[in-house]
Amino acid sequence: RVHGGRFWKRVMHNRKKVKDIPAEKLEKIARKAAQLDGLQRKALQLRHDRVYTIEALEMTSAVLTLNCDFYTIWNFRREIITDMIKDKQEEERGPVLTGELSFTEQSIPAHTKSYPLWHHRRWVLALLPPEQCVVELKLCARMLQLDSRNFHCWRHRLWASQRISEQSAEQLQFNTSMINQDLSNFSAWHYRTALLSQLSQPKEFVSSNEPLEILKRELEVVHSAVFTEPEDQSPWFYYRWLVSVCHGAVHFTRTLPQDEANKFRGDVLDLVKAEIALCDELLQLEPGSKWPTLSKVFLLAALREPGTPPSAETIELIDQLKTIDPFHVGFYQTLQ
């Protein structure tokens, strides 16, 4: 907020950030605020009067250019578009909807993380043939080159790829290329969990050997990342998700016939034991490292029968974590 010629931000990292703003800039901000207030009042009155004209649409454009997060104006804009295209043939609806895509595309570079902007774009695309999303993937690629961690864009890409049934292999290839550019890209790792969500469905997991092979491949992908940057938390969070998949798969075997359960359980447990050995190897290279220590705790939990207490080794590792990372002692206590 502006106060006495100074701009105050929230306290971060125990330090209050204060930034002096020149008087000329304060005047410019005040003029812009007054302009925005006038436009917003006019747009809200038009909505109240249910005026669905080109002029009303242009008024919403003016407001959203200055204040892209005004949900009510986006809702008004959708009401106008809906009125414009009702009872129209596809060839008549097309120009109106593609015009909306152009408006949102022009707005995205200045408002890359605006929830209502991305939502509105998906609303428009849902009114167009699915083939339009082929072009959408190219837009997402351009936007992610500007900001590879923009989770709004990753989420939008996932929606668009599902709409055109893009092959998982193609999505993984794109995702892998983005991760290789930045191993710390948490948004890209999270996108990967969405692509491989079938791994977290136990019934699908045991229906064939393919999910187990995918799991092995994904663990190899993470191995490369964590050995490159052992203290980078992003790949470790993805690794924890993979470990949770192993954990869920092991305990799902209780619902299977005995012979099938024994074989599948043995395969997954062998995989878990191999991962524990890998964490031990990494801890020899990086003694006292938080993430391999924590990951080993979760891996040991996958070996434990439900309802049984943690092993002495697990308790020792948790005590180490409390020393390594005292800020999260409460969390580590819950693991006991």
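Now for a look at the structure at hand. (Residues numbered from 1 in each chain as written. Predicted model: local features only at pLDDT ≥ 70, side-chain atom pairs only at ≥ 80, totals over all residues. Heavy atoms only, no water.)

Below, the discussion takes up helix α5 (residues 115–126). Side chains three or four residues apart in an α-helix point the same way, a direct result of the helix having 3.6 residues per turn. For α5, which comprises 12 residues, the first-to-last C-alpha distance of 17 Å matches the rise-based estimate of 16 Å (1.5 Å per residue) to within 8%. All buried positions along α5 are accounted for by P116, L117, W118, H120, R121, R122, V124 and L125. Those residues of α5 hidden inside the fold are in contact with α3 (71–85), α4 (90–107), α6 (132–146) and α7 (151–163). (Helix = DSSP H or I, 4+ residues; strand = E, 2+ residues; numbered from the N terminus. Expected span 1.5 Å × (residues − 1). Buried < 20%, exposed > 50% of the residue type's maximum accessible area, 1.4 Å probe, protein only. Contact = heavy atoms within 4.5 Å.)

What follows concerns the nonpolar core. By size, the foremost hydrophobic cluster in this structure holds 66 residues, and its most contacted members are Y239 and V268. Here the element with the most residues in this core is helix α12 (residues 233–252); it accounts for 10 residues. Grouped together as the second largest cluster of nonpolar side chains are 12 residues, A56, L57, L101 and V124 included. (Core = buried A, V, L, I, M, F, W, Y, C linked by side-chain atoms within 4.5 Å.)

Non-glycine residue R50 carries a positive phi angle of around 55°. Relative to the helices and strands, R50 is located in the loop between α1 (23–48) and α2 (54–66). We note that D87 has phi near 60°; this positive angle belongs to a residue other than glycine. Position of D87 relative to the elements: it lies in the loop between α3 and α4.

Below, the discussion takes up the pattern of salt bridges. Tallied over the entire structure, the rule returns 16 salt bridges. For R47, the salt bridge is made with E79, and the minimal N-O distance between the two is 2.5 Å. Note that R47 is positioned in helix α1 and E79 in helix α3, a separation of 32 residues in sequence. Judged by relative accessible area, R47 falls into the partly exposed class, the value being 28%. The residue E313 makes a salt bridge to K296 at a minimum N-O spacing of 2.7 Å. Taken together, the residues E313 in helix α15 (residues 312–324) and K296 in helix α14 (residues 290–303) connect sequence positions 17 residues apart. (Salt bridge = Lys/Arg side-chain N within 4 Å of Asp/Glu carboxyl O.)

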